[in-house]
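Chain residues, written in single-letter form:
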Amino acid sequence: MARDLLRNIIVEIPSIPGNFAKVATVIGELGGEIGDIKTIKMGTMSTVRDISVTCSSKVVLEQIVEGMKNAGEGIDILAVSDDVMHAHEGGKIHMTSRVDVRSLADLRRVYTPGVANVCLEIEKNPDKARYFTSIGNSVAIVTDGSAILGLGNIGPVAGMPVMEGKAVLFDQFVGISGVPILLNTSDPDEVVETVKHIHQSFGAILLEDIGSPHCFEIEERLKKELQIPVMHDDQHGTAVVTLAAALNACRAAGVDLKNAVVGQIGLGAAGLAISRMMMEYGVKEMWGTDRQEEATNRLREYGGTVLNSVEEIMEKCDIVIATTGVEGLIKPEMVREGQVILALSNPNPEIQPKEALKAGAAYAADGRLVNNVLGFPGIFRGVLNAGASAITYPMMIAAAEAIVSSTKQGDLVPHPLDPSVHQMVAHAVERVALSNHS
Ligand SMILES: NC(=O)C1=CN([C@@H]2O[C@H](COP(=O)(O)OP(=O)(O)OC[C@H]3O[C@@H](n4cnc5c(N)ncnc54)[C@H](O)[C@@H]3O)[C@@H](O)[C@H]2O)C=CC1
Ligand SMILES: CC(=O)C(=O)O
Ligand SMILES: [Mg+2]
């Protein structure tokens, strides 16, 4: 069952050994999953803790809160807060200046008249914009809102929290300024024209949550027509991280990914790119299914094999990847002993990893774990550092291998908050980009 309701429960617990364990047990027994626990006050009589809890519904949440209150004498619930909505109040990003203006001399240096000399220098030598402006460190995060996570075509404004989220990750993980651009058109001609008109403000373009099939034409045309890197993250960022997860699973099982039978359920933006990446890496048996014929035709065009149903993929493949946006599409009885199941749809996977493991899978993960956050920050840092004009398959495979080398033994992927993974990806991509120049 999906546990996508996240709340923070602030609880005061009398300082008696074993009291916290009672509270934690009640949460688990009533279907809640404990995330972060912060100690707000440690007193002699009582301790106040902020416990983040995910559960499946408001009814379950009420039962958990009631159960916690009754877990022991003196236990008091001080507040139940919606931390997620709270974190979004006022938006998550803000443009700030890198220089202080404290004196008239500062003003004249960073603005008029001083700035004019810099403008003329760039006019004489446009390449200098990379050094004297923020352009070379800025990436446009472009969406039309047509495939926001697995929520469907909810429009670009409703998708803004996702774009702001990507901008936060760019900033915090690799120091890139990500600028959301919301387009009120999905027409490929209009999207391409608009991005072409604004691209000079940026060092690269990240396309996000643009649905299939129009995402394919948009990305291909922009890649051809612009001299800066363009990447649709749902396609290639996801493919890089999925390749890394599959390589790690195979490494642990002692098999060669190239000889494994890989099945892809859902051949939209993410699924087709994952299949292409697997074949590019050398996977010989790449099988896929989709409810839309035009999607399966595309897999055939790239050299993959089409199967007729989700059941058939589950029956025949060693590694199964799902990117359909359909919660619960994979039933536990379809899982085969020893299979690797990557159910990557957000916000809710095709099968919960715990259910898949219980049904016999050797490894299982969802889209929270195997997520393009492990790829896109380092990939863009790498190409911006190198001044590259495109993101290529060799760069993406190097990025996947860097993710593999950053993974601790026994894990499928590294922790996204481990800063070294983003640095490793960036270095790997930059190295390949620079070797292409020489
Ligand atoms: N974990 C991660 O890093 C990422 C996860 N995703 C997730 O993948 C999902 C799909 O995203 P996109 O590929 O961008 O969307 P999309 O709309 O381009 O593709 C979805 C595909 O699934 C197919 N599909 C839907 N129901 C199906 C069914 N019952 N059987 C077979 N095929 C079916 C559709 O026909 C379509 O081709 C979303 O939930 C998204 O959150 C996407 C990108 C990254
Ligand atoms: C992670 C992501 O990009 C998605 O689910 O669409
Ligand atoms: Mg996305």
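Residues numbered from 1 in each chain as written. Chains lettered and ligands numbered in written order. Predicted model: local features only at pLDDT ≥ 70, side-chain atom pairs only at ≥ 80, totals over all residues. Heavy atoms only, no water.

1. Observations concerning the nonpolar core
Formed by 93 residues in total, the largest nonpolar core has its most connected members in I205, L257, M278 and F380. The next biggest cluster of nonpolar side chains, apart from the first, holds 19 residues, and it includes V310, M314, A322 and I341. (Core = buried A, V, L, I, M, F, W, Y, C linked by side-chain atoms within 4.5 Å. Buried < 20%, exposed > 50% of the residue type's maximum accessible area, 1.4 Å probe, protein only.)

2. A closer look at the packing of aromatic side chains
Summed over the entire model, instances satisfying the criterion amount to two aromatic pairs. Here the aromatic rings of F170 and F376 are separated by 5.0 Å at their centres, their planes lie at 90 degrees, and the arrangement is edge-to-face. Remark: F376 occurs in helix α15 (residues 376-386) and F170 occurs in helix α7 (residues 160-174); sequence separation between them is 206 residues. Judged on exposure class, the residue F170 and its partner F376 are both buried. Note on F170 and F380: the rings are 5.6 Å apart at their centroids and 85 degrees apart in plane angle, and the pair reads as edge-to-face. (Phe/Tyr/Trp six-rings, centres within 6.5 Å; stacked < 30°, edge-to-face > 60°. Helix = DSSP H or I, 4+ residues; strand = E, 2+ residues; numbered from the N terminus.)

3. Comments concerning a nonpolar patch on the surface
Among the surface-exposed residues, V99, V101, L104, L107, V110 and Y111 lie close enough to one another that they form a single nonpolar patch of about 530 Å² accessible area. On the secondary structure map, Y111 appears in the loop between α4 (104-110) and α5 (114-124). (Patch = residues over 30% accessible without salt bridge, like charges linked within 9 Å, V, L, I, M, F, W, Y side chains within 5 Å. Areas by Shrake-Rupley, 256 points an atom, 1.4 Å probe, with all protein chains shown as cover. Salt bridge = Lys/Arg side-chain N within 4 Å of Asp/Glu carboxyl O.)

4. Structural notes on the UniProt feature "domain: ACT" (unreviewed entry) in the chain
Mapped onto the present numbering, the UniProt feature "domain: ACT" (unreviewed entry) falls at residues 8-82. Note that residues 8-82 is 31% helix and 44% strand, and that its end C-alpha atoms are spaced 6 Å apart. (UniProt positions renumbered as here; feature names shortened; annotations may be inferred.)

5. Points about the layout of surface pockets
By volume, the second largest pocket is sized at about 1,100 Å³. As for the second largest pocket, its lining consists of 32 residues, of which M95, T96, R98, S134 and S177 are closest to the centre. Counting residues per element, the ones that place at least two in the lining of the second largest pocket are α4, α5, α6 (129-132), α7 and β6 (177-182). (1 Å grid on protein atoms, 1.4 Å probe; cavity = no way out; pocket = protein on both sides within 12 Å on 5 of 7 lines; lining within 4 Å. Points joined across faces, edges and corners; volume = space filled by probe spheres on them.)

6. Overview of the site of ligand 1
In the region of ligand 1, 25 residues are neighbours, and S212, A270, D290, Q292 and N372 sit closest. Taking S212, its side chain carries an N or O atom lying 2.7 Å from an oxygen atom of ligand 1. In this structure, an oxygen atom belonging to ligand 1 sits 2.9 Å away from a main-chain N or O atom of A269. For ligand 1, whose unbound accessible area comes to 850 Å², protein coverage reaches 90%. (Near = heavy atom within 4 Å. Polar contact = N/O pair within 3.5 Å; in protein donor to acceptor, adjacent residues only side chain to side chain.)

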